[in-house]
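# Secondary and tertiary structure notes
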Amino acid sequence: MMKINQLGVITFSLEALWLLAVIGIPLVAMPYTSIMAESSISHVEVPKVVLLRILVALMVVTTLYKIILTKDSKKFRLNLTIKTFCVFVKQKHYSWAFIAIVFLGISTLIATLFSTSFQTSLWGAIPKQDGHALVNVFSYLALFFIIATNVKTKRQLNRLVMSIIALGAILGILGILQNLGYDPFQFAGYTNMARVPLTMGNPIFAASVLCLTIATTLITCSVVTYTRKPHTKSRISPIYQHILWILILSLQIIGLIHTLSRGAWVSVIILTCILCIGMSICIGWKVALKASMIFAVATIISLSGIMVMDQEDAQPTSQIVDRISSIQSDVLDGDLNQRIPIWLSSWQIIVSRPWFDDQLAPNKWLGIVTGYGPDMFRFVFPLNSPLDKSDTYLPIEAHNAHNVFLHQLFEQGVLGLLSALLLFISILVPSILLLCNKSPVLSIEYRIVLVGIIATIMGRTIEQSVGIARISDLTVFWIMLGVMIALPNILSKESSIDAEDINLRNEISTKSITTNSSIRWRILPISLIAIVIIYISCAGHIHYFRATLSASEARYHYTVGDLQNSLLMIEHAISLSPDMPTYYLFKNLILSDAILNNIALDTFECPILGISIDQRQCLLEIKYQSAETSVNQQPLYWRSVFEKAVSADNLVKYDEALELYEQTSILIPNSWPLHNQLARLYIFEEEYDKAQIHLNHSLNILQKGSYNIEGQTLQQELDDRIRNSK
């Protein structure tokens, strides 16, 4: 009977899972019309989140089995003394980075426990979608710890790094195709793409991933070209190696340029400069010159390729020039593509700590320490949302502060800001100190990697100062952090790498795992835990995924005018995922069309045959109940409350409708059209004092009268009513 090497299988499975994570999560997406959920880019977010949580759950279960089989559970016994802590700090190069990451997890947990909405901070504003909720942050942390503790050999490191580079090359090729108008998988949803979104649904998110892959490519290229000297025997000539690296880098640069993300452009330029200058100082000018020449040639090839692909309908070159020239005007206008108003409004909210008037205000000082709570930005920001002065002059509905440190301070308070700062500082400072150390233990390759780490962190900091961290780049970033923690034991000396690789192979090949009673009783509880974890991770997400597909079918039937089947499919989606406010709003849209066009819908509550009922009144009742359920699911979502107000108004529940409209105006106080609507209703009810309050608010929000003609007209009508009543 053949014995199965269980430890070898588990080690192989674990590595396969993290390689699938680094390539699969950024690349996985579905056609634009195949999925319908809360986010406008749910066709890319939903598959990524589902894949992330399932892969992390499988990795956690696999790691638990590995601990049992190798009897490594003693490593997890805590011995928290000052002596052991000092030993840990002295022995590990990146011990403070490890501590900072643990502190980041603790600060997120504390911010969740003291959140203004615990359920939102725990599961997310939109459950099972991308965000900064506790469950998402802990998924990234679990992925980090698994990588940091299980990448132990140079071969594992090489496979992981090459996977990141391959990811960048694939995204670059996809960017070229999308810019040419070819979107075979329909990821973008439209063909004339001025800015390519790749598989991230948004050019900014795509550029964030490419920044990380370009940094990894540059660092690996520098190490490989230094290690393989011209006289070194190799299957591939050094010239061909350089050409290959240039082509790989060119693909990624072309993809990055086509995203037209200026923050990412600046980030890549700065990280390249830091990398070349750092290598020139710490290693030698020849190594730096070689890396800079490879990047320069790749950039020239990229720009030349873009000029060759320049077409009359696309004109990418002119778009790039316009994008660069617009930087000065955006800065001088004090807008920076709406980022400066968002930053100022976010800071004012952080300082003044506003809260909804109809709810109990949280403790101000506790809020300063722990923030509003993870994923609460999208609900609290409308309290002081600036107006979109470039288009509609309506309040900006931002879901992120567009600055990682400001966002952390907003959602997690001082603790969150300190954790983010400590994370970046704890990586930069030890790397600089290691470079300043002249110890012969540090190989030249490791010094190149250290300079690359500094450059990558600096570039990431700059890019995230104006960007948004989402699931694709966060997955790659946390995997890179895990590799960084594992690096000192891999790259410190090449001899130690080889010895460790040999020892691991010998351990896997010679170690026999017997099924004795001592292992059986340990495997049994782990098996039970594994079943629970896999069920929670898979079952809920599979139902949610099915709901998005049903909702997409409902949207299709609605576009072709089949309201009956559209209603059936959206109700099926609601039954699978009842915590999705968008589904209730879409259901109400179907019902509103049916009521407006006098279309009879056969539902359980309002059957067409069998009994005599008022179909219109029955549908209005269903619409009201649907809106009420949506409000119960997310009471801070102003669109749900507004829909309930409209439904109550349709049912001639004027008092309740007015109350709900008032509640909506509390959730988004800078919506001047809403204040105009309230003023109109109060004028109709002859409550002129309340009407004047809302008109004053509306006119004060928007100083330019040309954009608020309705408010001025209502003011004249109100003045006439007041004069006539005297």
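For the structure itself, consult the block above.
Let me sum up the structure you'll find in this document. Everything numeric here is computed off the predicted structure, so don't read it as measured data. Within any chain, residue numbers begin from 1 and follow the written order of that chain's sequence. It should be noted that, the model being predicted, local features are given only for residues of pLDDT at least 70 and side-chain atom pairs only at 80 or more, the latter also being counted only at that level, while totals for whole chains, interfaces and linings use all residues. Excluded from the side-chain calculations are hydrogens and water; all other atoms, namely the structure's heavy atoms, are used.

## Digging into the overall build of the protein
- Within the protein, the secondary structure is distributed over 29 helices and zero strands.
- Contact definition: two residues touch when any of their heavy atoms are within 4.5 Å. For the protein, the proportion of contacts with a sequence separation of at least 24, taken over those separated by at least 6, is 72%.
- Computed with a 1.4 Å probe, the accessible areas rest on the Shrake-Rupley method; for each residue, only the protein chains presented here act as cover. Accessible surface for the protein amounts to roughly 33,700 Å². Of this, 64% is attributable to carbon and sulfur atoms. Each helix is a run of H or I in the DSSP string that is no shorter than four residues. Each strand is a run of E no shorter than two, and both are numbered from the N terminus.

## With respect to the packing of helix α27 (residues 672-684) against helix α29 (residues 709-725)
- Two numbers describe how α27 lies on α29: the axes approach to 10 Å, and their chain directions differ by 20°. Taken together, the axis directions place α27 and α29 in an arrangement best described as roughly parallel. Here α27 and α29 pass one another in a crossing that is left-handed. Facing α27, whose interface residues are Asn 676, Arg 680 and Ile 683, α29 presents Glu 710, Gly 711, Leu 714, Glu 717, Leu 718 and Arg 721. Here an axis means a line fitted to C-alpha atoms, over the contact stretch when the element is a helix, while the angle between two N-to-C directions is reported on a 0 to 180 degree scale. When an angle is under 35 degrees it counts as roughly parallel; over 145 it counts as roughly antiparallel; between 65 and 115 it counts as roughly perpendicular; any other value is oblique. Each helix crossing is assigned a hand: it is left-handed if the near helix lies turned anticlockwise from the far helix by less than a right angle, otherwise right-handed if that turn is clockwise.

## Comments concerning the side chain of Ser 630
- Position of Ser 630 relative to the elements: it lies in helix α24 (residues 615-633).
- Apart from the residues lying within four places of it in its own chain, the contact partners of Ser 630 are Pro 581, Tyr 584 and Ser 640.

## A closer look at the environment of Gln 615
- As for its position among the elements, Gln 615 is in helix α24.
- Sequence separation between Gln 615 and Leu 601 is 14 residues; the distance between their C-alpha atoms is 8.1 Å.
- Here Gln 615 is in contact with Ala 600, Leu 601, Cys 606 and Pro 607, once residues within four sequence places are set aside.

## Some points on the pattern of salt bridges
- Salt-bridge detection follows one rule: a side-chain nitrogen of Lys or Arg within 4 Å of a carboxyl oxygen of Asp or Glu. Applying the stated criterion across every chain, the model contains 13 salt bridges.
- For the salt bridge of Arg 159 with Glu 15, the shortest nitrogen-to-oxygen distance reads 2.4 Å. You can see Arg 159 sitting in helix α7 (residues 154-179) and its partner Glu 15 sitting in helix α1 (residues 6-27), a full 144 residues away along the chain.
- Any residue under 20% of the maximum accessible area for its type is buried, any over 50% is exposed, and the rest in between are partly exposed; the area is computed with a 1.4 Å probe on protein chains only. Given the relative accessible area of 40%, Arg 159 is considered partly exposed.
- What makes Glu 15 buried here is its relative accessible area of 8%.
- Arg 721 is paired through a salt bridge with Glu 717; the nearest N and O atoms lie 3.8 Å apart. Of this pair, Arg 721 and Glu 717 are both found in helix α29, four residues apart, which corresponds to roughly one turn of the helix.

## Here's the deal with a negative patch on the surface
- Residues enter patches when they are more than 30% accessible in relative terms and free of salt bridges; like-charged ones are connected within 9 Å and nonpolar ones (Val, Leu, Ile, Met, Phe, Trp, Tyr) within 5 Å. Working convention for charge: Lys and Arg count positive, Asp and Glu count negative, and His plus the chain ends are omitted. To locate a charge, take NZ of a lysine, CZ of an arginine, CG of an aspartate or CD of a glutamate. Side chains of Asp 655, Glu 659, Glu 685 and Glu 686 sit close together on the surface and give a patch of like negative charge.
- You can see Glu 686 is positioned in the loop between α27 and α28 (688-701).

## Description of the packing of aromatic side chains
- Only Phe, Tyr and Trp rings take part, Trp by its six-membered ring, and two of them pair if their centres are within 6.5 Å. Stacked means planes under 30 degrees apart, edge-to-face means over 60, and tilted covers everything else. Following the criterion strictly, the structure yields 14 aromatic pairs and no others.
- Aromatic side chains Phe 377 and Phe 381 sit 5.1 Å apart centroid to centroid with 15° between the ring planes, which places their arrangement in the stacked category.
- Among the aromatic residues, those joined into a cluster by ring pairs are Trp 355, Phe 356, Tyr 372, Phe 377, Phe 381 and Phe 410.
- As a reminder, the over-ring test applies to NZ of lysine and CZ of arginine, requiring each to be within 6 Å of the ring centre and within 35 degrees of the ring normal. Sitting over the face of the ring of Tyr 372, Arg 353 holds its NZ or CZ atom 4.1 Å from the ring centroid.
- In this arrangement the basic side chain of Lys 653 is found over the ring face of Tyr 624, its NZ or CZ atom lying 4.1 Å from the centre.

## Things to note about the packing of helix α26 (residues 654-667) against α27
- Put simply, α26 and α27 touch, their axes get as near as 10 Å, and they point 155° apart. For the element pair α26 / α27, the angle class is roughly antiparallel. Pair α26 / α27 crosses with left-handed handedness. In this structure, α26 uses Leu 658, Tyr 661, Glu 662, Thr 664 and Ser 665 to contact α27, whose residues at the interface are Leu 674, His 675, Gln 677, Leu 678, Leu 681 and Tyr 682.
- Taken together, the residues of the contact of α26 with α27 sort by class into six nonpolar, four polar and one charged. Residues are grouped as follows: Ala, Val, Leu, Ile, Met, Phe, Trp, Tyr, Cys and Pro are nonpolar; Asp, Glu, Lys and Arg are charged; all remaining types, including Gly, are polar.

## Considerations on α24
- A helix is expected to span 1.5 Å for every residue after the first. Across its 19 residues, α24 extends 27 Å between first and last C-alpha, which sits within 8% of the 27 Å expected from 1.5 Å per residue.
- The inward-facing, buried residues of α24 abut α23 (581-596), α25 (638-650) and α26.

## Some words on the nonpolar core
- What is meant by a nonpolar core is a set of buried Ala, Val, Leu, Ile, Met, Phe, Trp, Tyr and Cys residues, joined one to another through side-chain atoms within 4.5 Å. Trp 18, Met 59, Leu 160, Trp 478 and Leu 481 are the most contacted members of the largest nonpolar core, which totals 115 residues.
- Of all the elements, helix α8 (residues 203-227) adds the most residues to this core, at 14 residues.
- Setting aside chain neighbours within four positions, we find Leu 481 in contact with Ile 101, Phe 144, Leu 423 and Ile 427.
- Residues Ile 126, Ala 551, Tyr 624 and Tyr 637 belong to the second largest nonpolar core, which totals 77 residues.

## Examining a nonpolar patch on the surface
- A contiguous nonpolar surface patch, about 530 Å² in accessible area, is contributed by Leu 109, Leu 113, Phe 114, Phe 118, Phe 138 and Leu 366.
- Here Leu 113 lies in helix α4 (residues 95-113).

## Some thoughts on unusual backbone geometry
- Even without a glycine there, the phi angle at Leu 260 is positive, about 55°.
- Residue class for Leu 260 comes out buried when judged on its relative accessible area of 6%.
- Positive phi is not limited to glycine here, since Asn 598 has a value of about 55°.
- Along the polypeptide, Asn 598 turns up in the loop between α23 and α24.
- Here Asn 598 falls in the exposed class, since its relative accessible area comes to 69%.

## Here's the deal with α23
- Counted at 1.5 Å a residue, the expected span for α23 with its 16 residues is 22 Å, and the 23 Å between its end C-alpha atoms agrees.
- What α23 keeps buried is the set Pro 581, Thr 582, Tyr 583, Tyr 584, Phe 586, Lys 587, Asn 588, Ile 590, Leu 591, Ala 594 and Ile 595.
- Positive backbone phi, approximately 55°, marks Asn 598, located one or two places after α23.

## Remarks on the side chain of Gln 715
- On the secondary structure map, Gln 715 appears in helix α29.
- Setting aside chain neighbours within four positions, we find Gln 715 in contact with Gln 692, Leu 695, Asn 696 and Leu 699.

## A look at the environment of Met 480
- Within the secondary structure, Met 480 is located in helix α18 (residues 471-486).
- Separated by 319 residues in sequence, Met 480 and Val 161 have C-alpha atoms that sit 8.7 Å apart.
- If sequence neighbours within four positions are ignored, Met 480 has contacts with Ile 164, Leu 212, Thr 216 and Thr 456.

## Thoughts on the environment of Pro 184
- If you trace the backbone, Pro 184 turns up in the loop between α7 and α8.
- Residues Pro 184 and Leu 174, 10 residues apart in the sequence, show an inter-C-alpha distance of 9.8 Å.

## Some remarks on the state of the cysteines
- Disulfide assignment relies on a single distance test, namely cysteine sulfur atoms paired within 2.5 Å. Under the counting rule described, the total for this entry stands at zero disulfides.
- The thiol of Cys 282 is not disulfide-bonded; the next cysteine sulfur, from Cys 436, is found 7.0 Å away.
- Relative accessible area serves as the criterion here: at 31%, Cys 282 is assigned to the partly exposed category.

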